[in-house]
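# A look at the structure
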Amino acid sequence: MRDVSRTAAPPRLVAVETADDAMVIERSRHEPERFATLFTRHAPALKRFVIRRLGQDFAEDIVAETFTRAFQHRETYDLSRGDARPWLYGIATNLIGRHRRQEINLYRALSRTGVDPVIEPFTDQIDQRVAANGVRRRLATALAGLPRGHRDTLLLVTWAELTYEQAAQALGVPVGTVRSRVNRARSKLRQALGDIDPTALNEGMR
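Every value quoted in this text rests on a predicted model; they were computed, and no experiment measured them. (Residues numbered from 1 in each chain as written. Predicted model: local features only at pLDDT ≥ 70, side-chain atom pairs only at ≥ 80, totals over all residues. Heavy atoms only, no water.)

## Describing the overall build of the protein
Going by this rule: Helix numbering and strand numbering both begin at the N terminus, where a helix is a DSSP run of H or I of at least 4 residues and a strand a DSSP run of E of at least 2. Only protein chains enter the accessibility calculation, which uses a 1.4 Å probe; a residue whose area is less than 20% of its type maximum is buried, one above 50% is exposed, and one in between is partly exposed. Note on definitions: a residue-residue contact is assigned when non-hydrogen atoms from the two residues lie within 4.5 Å. Accessible areas in this description were obtained via Shrake-Rupley with a 1.4 Å probe; residue shielding takes into account the shown protein chains only.
Helix and strand counts for the protein come out as 12 helices and 0 strands. For the protein, the α and β elements follow one another from N to C terminus as α-α-α-α-α-α-α-α-α-α-α-α. Across the 206 residues of the protein, 45% fall into the buried class. The long-range fraction of contacts in the protein, counting pairs at least 24 apart against all pairs at least 6 apart in sequence, stands at 65%. When the accessible surface of the protein is split by element, carbon and sulfur atoms take 51% of a total near 10800 Å².

## Notes on helix α2 (residues 21–28)
The following threshold applies: Read the arc as the range of directions from the helix axis to the C-beta atoms.
If you check which residues of α2 are buried, you get D21, A22, V24, I25 and S28. Each buried residue of α2 sits inside an arc of 160° when the element is viewed along its axis, so together they form one side.

## Details of the side chain of H42
Mapped onto the secondary structure, H42 falls in helix α3 (residues 36–54). For H42, a relative accessible area of 14% translates into the label buried. What H42 contacts, discounting residues up to four positions off in sequence, is D21, F67, D83, R85 and L88.

## What to know about the confidence of the model for the protein
In low-pLDDT regions, the fine details of the predicted coordinates are not to be read closely. For clarity, the threshold we go by: Residue-level confidence of the predictor is what pLDDT reports, using numbers from 0 through 100.
In this model, the protein carries an average pLDDT of 80, and 73% of its residues clear a pLDDT of 70 or more. Across the protein, the element-wise mean pLDDT spans from 48 in helix α7 (residues 125–133) up to 97 in helix α10 (residues 164–171). The model gives residues 1–16 a pLDDT under 50, and that stretch makes 12 contacts with residues more than four places away or in other chains. With pLDDT under 50 throughout, residues 120–126 is counted as low confidence; its partners more than four residues away or in other chains account for 11 contacts.

## Brief notes about the pattern of salt bridges
Which entries qualify depends on this criterion: Salt bridge criterion: a side-chain nitrogen from Lys or Arg within 4 Å of a carboxyl oxygen from Asp or Glu.
The tally for this structure, following the rule as stated, stands at 11 salt bridges. Across the pair R34 and E31 runs a salt bridge whose closest N-O atoms are separated by 3.5 Å. A single burial state applies to R34 and to E31, both of which are buried. When salt bridges with common partners are traced through the structure, they connect R53, R148 and D152 into a single cluster.

## Observations regarding the nonpolar core
Heads up, the condition is: Here the nonpolar core consists of buried residues drawn from Ala, Val, Leu, Ile, Met, Phe, Trp, Tyr and Cys, with membership extended through side-chain atoms lying within 4.5 Å.
If you look at the biggest cluster of nonpolar residues, it comprises 49 residues, and the most contacted ones within it are F49, W87, Y107, L143, L156 and V178. For W87, the residues in contact, after removing those within four places along its chain, are I25, F35, L38, A70, H73, R74 and Y77.

In structure tokens form, the structure reads like this:
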């Protein structure tokens, strides 16, 4: 019989890799190196989210600080929540808030030129349709004009793909507030974009 002991991964490591985020965080409290699993799982998408909002210059620092803060506060994480994304995106959103002027400047630059160096690397079919219809400038203007809370909430739901409940966790607000903010934000985008469904538009621009 073939000896599989040399090829099989240690059961402990397999368990960590397949564990949900809460279990990884719990184990990292006693084995700090386990926290790296959380970074591997979520850092790429989180970085992409930050790039879309602030550009490349701030992305590395904000992602690094997000995970540094998460690591420092892992003892307080609610282990009943298996998905740590709301927690991580909540931290990142607070950090993005420090650079609100940079975010607005990106939207205003797009509204003037129609050229978006942040979005271009991630273009998909919906982005191409948006470009073809010439509405990127209006979209950028509308995003820049949204109140901070409305923009944060809308982009967590659309670009970060969080549910309303998860966005509420990330922002520390009731679910009803999330629904209200998203509805109002989409209403303003609808006014700016005419007959293009802003829900489909933003969900496609990930």
